[in-house]
Amino acid sequence: CSDLKFALSEDGGLVASHKVILAARCEYFKTIFECGFKEAGKDVITIPNIETASFDLLLQFIYSGDESLVHSERIIDLLI
């Protein structure tokens, strides 16, 4: 059961995730959830200007650590 969803405004997608996994695997999310950012208390965080498939790729990388995912063409969407 996820405790966090990302609302992706680019295409209306809603992606489920887990705060504990994101914080454990990514310093960016750890800072957000542990340092009092307003997003820490939310169940849904809106991410503008990103496609669901690109964000899914990011989450797959965070969850798995599979470096082959960074060779996807979708990585450009994340860098922008």
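The model shown is predicted, which means the values in this text are computed figures rather than measured ones. (Residues numbered from 1 in each chain as written. Predicted model: local features only at pLDDT ≥ 70, side-chain atom pairs only at ≥ 80, totals over all residues. Heavy atoms only, no water.)

Peer 1: Teacher, can you tell me more about helix α3 (residues 52-64) here?
Peer 2: The periodicity of an α-helix, 3.6 residues per turn, causes residues three or four places apart in sequence to face the same way. Here α3 contains 13 residues, and its C-alpha end-to-end distance of 18 Å stays within 8% of the 18 Å for a straight helix at 1.5 Å per residue. Backbone geometry just after α3 places Gly65 at a positive phi near 75°. (Helix = DSSP H or I, 4+ residues; strand = E, 2+ residues; numbered from the N terminus. Expected span 1.5 Å × (residues − 1).)

Peer 1: What is the right way to look at unusual backbone geometry in this model?
Peer 2: Both trends apply: most residues other than glycine have a negative phi, and most peptide bonds are in trans. The phi dihedral of Asn49 is positive, around 60°, even though this residue is not glycine. With respect to the helices, strands and loops of the structure, Asn49 is situated in the loop between β3 (44-47) and α3. On the basis of relative accessibility, which here comes to 64%, the residue Asn49 falls in the exposed class. (Buried < 20%, exposed > 50% of the residue type's maximum accessible area, 1.4 Å probe, protein only.)

Peer 1: What am I meant to see in the pairing of strand β1 (residues 4-8) here?
Peer 2: Two faces, one strand: in a regular strand the side chains alternate between the faces of the sheet. Most of β1 sits out of view: four of its five residues are buried. Bridge count for β1 against strand β2 (residues 13-17) is five bridges, and the pairing is antiparallel. The residue of β2 that forms the bridge with Ala7 is Leu14. Sheet analysis places β1 next to β3, joined by four bridges and oriented parallel. Bridged to Ala7 within β3 is Thr46. (Pairing = 2+ DSSP bridges.)

Peer 1: Looking at this structure, how should I read the sheet that holds β3?
Peer 2: Hydrogen bonds between backbone groups are what pair the strands of a sheet, and the pairing can be parallel or antiparallel. Strand order in this open sheet of three strands is β2-β1-β3, and the pairing throughout is mixed. Only two strands of the sheet have a single partner each, and these edge strands are β2 and β3. Across this sheet, the average inter-strand angle for adjacent strands is 25°, counted without regard to direction. α3 contacts β1, β2 and β3 of the sheet and is inclined by roughly 10° relative to β2. (Axes fitted to C-alpha atoms, helices over the stretch in contact; angles between N-to-C directions. Contact = heavy atoms within 4.5 Å.)

Peer 1: What is the right way to read the packing of aromatic side chains from this model?
Peer 2: The geometry of an aromatic ring pair comes down to the distance between the two centres and the angle between the two planes. Evaluated as defined, the whole model comprises four aromatic pairs. Among the aromatic residues, ring-to-ring pairing joins Phe6, Tyr28, Phe29, Phe33 and Phe55 into one connected group. (Phe/Tyr/Trp six-rings, centres within 6.5 Å; stacked < 30°, edge-to-face > 60°.)

Peer 1: Explain the side chain of Lys19 here, please?
Peer 2: If you trace the backbone, Lys19 turns up in helix α1 (residues 19-25). There is a polar contact of 3.1 Å between the side chain of Lys19 and the backbone oxygen of Lys42. (Polar contact = N/O pair within 3.5 Å; in protein donor to acceptor, adjacent residues only side chain to side chain.)

Peer 1: I tried to follow the state of the cysteines on my own but got confused; where do I start?
Peer 2: Two cysteines whose sulfur atoms are joined by a covalent bond form what is called a disulfide. For the coordinates displayed, the defined rule picks out zero disulfides. Lacking any disulfide linkage, Cys26 is separated from the closest cysteine sulfur, that of Cys35, by 13 Å. (Disulfide = S-S within 2.5 Å.)

Peer 1: In this structure, what is going on with the confidence of the model for the protein? I would like to understand it.
Peer 2: Do not read the predicted coordinates in detail wherever pLDDT is low. Confidence along the protein averages 87 in pLDDT terms, with 96% of residues attaining 70 or more. Model confidence for the protein, summarised as mean pLDDT per element, is weakest for helix α4 (residues 75-79) at 70 and strongest for α1 at 96. (pLDDT = per-residue confidence, 0-100.)

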